[in-house]
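Structure at a glance
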Amino acid sequence: MCAESHRPSTNLQSHLLTRHKTLMHRKKNQYILSEEPVIVDIAGEEIQLEPKSRVVPIPVKTFTTCLDLMKTPQDLDAIPGLVQGFHKANRNIRERQFEKMTRLINMSGRIDLLMRLARNAGNDSGFKFTQNVAREFMRGIRIQSLLPAKEEALKALRNSETLLNILGEPQMKMDPDARLKRDPVVVGTVLSMFANTSVRFNDGSDYKGYTFHYLQRLQKCWDAVEWEQNLKDGDRKSVWRVSHAVLNYIPVLEGLVKARDILTGTKVTPWVEAESAKLNNAIGEWRRFLDENAPGKKPYGAHSYKEVAERLAKELNVEEEADGLAEESSAEETPAKDANVV
């Protein structure tokens, strides 16, 4: 509760003495007002002072602190509720924090959680997509496509198309007009998944024509590729931009190279050969810049996501072996049926 005035136009705080403000605002003094009323005269009108509660909003940086405390993949199940809680408290989580959240989910291999966040994106959940977050989401789905099992690779393809559809919905994005569904990194990463699946599980032939389809979609948004990174030696921001450019465009390059091999001799071959060579040269220049300006630094790259896929593959293999042993044990414990029983 706060001090009341019957004259709304009067700025009460400006008329109070310092000791009166102290009684109202300092929690340790507020008991005085509850035990013995304090009445002040302002412009001939008597007003009773009342304690004024001071609610301090939770700092937004607390979200990052919470992420740092999550040590196991199971801990990440708290993320959707955490995001929604900050939203209900009118605390806007920053884009960089959402990027960190998504990368944490990816590096933990929780693709199921990634898709849950994507499907629930919108006003109520507190989570919406930006360009960088959308790119990181698609890289996470790509981890699933790298798993050995064909079923997992096909599931990743379905998830990638689901995410593309979500990115086309205005209410799912921070900027409703952002063309995230037509972002070259997002589309190029989808292309890499379909092309890689065609090579691994379809004898190198285009799986249901999807490689050609997504290559055409990539052509339509190719003008948006960030060729120019405004590099400045010794500039930390340039290092940050270039490290992200390498991270963003390596999957795109891999998709182009595999698409080139799959679609050899078709009408798109000249374009794929020219643009894949151009992108390869650009990535080479970006890497040289990093070697010169950030020697010894190991930025996130395609290898990081492949390492996660390798770890998940081992874990899945261990689970399958454990299930097999459990079935064998169960079979051994089951008593044999009497041969004479018909």
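Preceding this section is the structure that the text describes.
Just so it is clear, the structure is predicted and the values come from calculations on it, not from any experiment. (Residues numbered from 1 in each chain as written. Predicted model: local features only at pLDDT ≥ 70, side-chain atom pairs only at ≥ 80, totals over all residues. Heavy atoms only, no water.)

**A closer look at the packing of helix H4 (residues 61-68) against helix H6 (residues 95-107)**
Between two packed helices, the angle of one axis relative to the other and the distance separating the axes together describe the packing. Direction vectors running N to C along H4 and H6 enclose 15 degrees, while the axes themselves pass 10 Å from each other. As the angle between them shows, H4 and H6 are arranged roughly parallel. Crossing angle aside, the handedness with which H4 passes H6 is left-handed. Taken together, the residues of H6 that come into contact with H4 (itself represented by Lys61, Phe63, Thr64, Leu67 and Asp68) are Gln97, Lys100, Met101 and Leu104. Tallied by class, residues from the contact of H4 with H6 come to four nonpolar, two polar and three charged. (Axes fitted to C-alpha atoms, helices over the stretch in contact; angles between N-to-C directions. Helix = DSSP H or I, 4+ residues; strand = E, 2+ residues; numbered from the N terminus. Parallel < 35°, antiparallel > 145°, perpendicular 65-115°, else oblique. Left-handed = near helix turned anticlockwise from the far one by under 90°. Contact = heavy atoms within 4.5 Å. Nonpolar A, V, L, I, M, F, W, Y, C, P; charged D, E, K, R; others polar.)

**Focus: H6**
The end-to-end C-alpha distance of H6 is 18 Å, a good match for the 18 Å that 13 residues give at a rise of 1.5 Å each. Every buried residue of H6 is accounted for by Gln97, Phe98, Glu99, Met101, Thr102, Arg103, Ile105 and Asn106. Among the residues trailing H6, Gly109 stands out with phi positive, at a value near 75 degrees. (Expected span 1.5 Å × (residues − 1). Buried < 20%, exposed > 50% of the residue type's maximum accessible area, 1.4 Å probe, protein only.)

**Quick notes on the environment of Leu23**
With respect to the helices and strands, the residue Leu23 is situated in helix H2 (residues 18-25). Separated by 15 residues in the primary sequence, Leu23 and Val38 place their C-alpha atoms 9.3 Å from one another.

**A word on the packing of aromatic side chains**
This structure, assessed with the given rule, holds 12 aromatic pairs. When the centroid spacing of 5.1 Å and the interplanar angle of 80 degrees are considered together, the rings of Phe98 and Phe127 count as edge-to-face. In this pair, Phe98 is assigned in helix H6 and Phe127 in the loop between helix H7 (111-119) and helix H8 (131-145), connecting sequence segments 29 residues apart. Relative accessible area serves as the criterion here: at 1%, Phe98 is assigned to the buried category. Summarising the aromatic geometry, the rings of Phe194 and Tyr214 are spaced 5.0 Å apart at their centres and angled 20 degrees between planes, so their arrangement reads as stacked. Of this pair, Phe194 sits in helix H10 (residues 184-201) while Tyr214 is found in helix H11 (residues 210-220), placing the two residues 20 residues apart along the sequence. Tyr214 carries the same exposure label as Phe194, and that label is buried. Following the ring pairs from residue to residue traces out a cluster consisting of Phe63, Phe86, Phe98, Phe127, Phe129 and Phe137. The ring of Trp240 has Arg96 sitting right over it, with the charged end atom 4.4 Å from the ring centre. (Phe/Tyr/Trp six-rings, centres within 6.5 Å; stacked < 30°, edge-to-face > 60°. Lys NZ or Arg CZ within 6 Å of the ring centre and 35° of its normal.)

**Examining the nonpolar core**
Counting residues in hydrophobic clusters, the biggest one holds 68 residues, and the most contacted among them are Ile79, Met101, Phe127, Phe129 and Phe137. Tallying contributions element by element places helix H12 (residues 236-262) first for this core, with 11 residues. (Core = buried A, V, L, I, M, F, W, Y, C linked by side-chain atoms within 4.5 Å.)

**As for the layout of surface pockets**
The volume enclosed by the largest pocket comes to roughly 440 Å³. Along the walls of the largest pocket sit 20 residues, with Gly109, Ile111, Asp112, Leu312 and Leu316 positioned nearest its centre. Where the lining of the largest pocket is concerned, the elements lending two or more residues are H7, helix H9 (150-167) and helix H14 (302-333). In terms of residue count, H14 provides more of the lining of the largest pocket than any other element does, five residues in total. (1 Å grid on protein atoms, 1.4 Å probe; cavity = no way out; pocket = protein on both sides within 12 Å on 5 of 7 lines; lining within 4 Å. Points joined across faces, edges and corners; volume = space filled by probe spheres on them.)

**Quick word on the side chain of Arg110**
As for its position among the elements, Arg110 is in the loop between H6 and H7. On the basis of relative accessibility, which here comes to 12%, the residue Arg110 falls in the buried class. Here Asp77 takes part through its side chain, which lies 2.8 Å from a polar atom of the side chain of Arg110. Those residues within four positions of Arg110 in sequence are excluded, and the remaining contacts are Pro73, Gln74, Leu76, Asp77, Ile105 and Arg116. (Polar contact = N/O pair within 3.5 Å; in protein donor to acceptor, adjacent residues only side chain to side chain.)

**What about the environment of Gln74?**
Relative to the helices and strands, Gln74 resides in the loop between H4 and helix H5 (79-88). On the basis of relative accessible area, Gln74 is assigned to the exposed category, the value being 55%.

**Here we look at the pattern of salt bridges**
Pairs can form between side chains of opposite charge whenever their charged atoms are close. One pass over the full model with this rule turns up 12 salt bridges. The salt bridge partner of Asp77 is Arg110, with a shortest N-O separation of 2.8 Å. Remark: Arg110 occurs in the loop between H6 and H7 and Asp77 occurs in the loop between H4 and H5; sequence separation between them is 33 residues. Of the charged contacts, one joins Asp112 and Arg110 as a salt bridge, the two residues approaching to 2.9 Å between their closest N and O atoms. Overall, Asp112 belongs to the partly exposed group, its relative accessible area being 46%. Through salt bridges with shared partners, a single ionic network connects Asp77, Arg110, Asp112 and Arg116. (Salt bridge = Lys/Arg side-chain N within 4 Å of Asp/Glu carboxyl O.)

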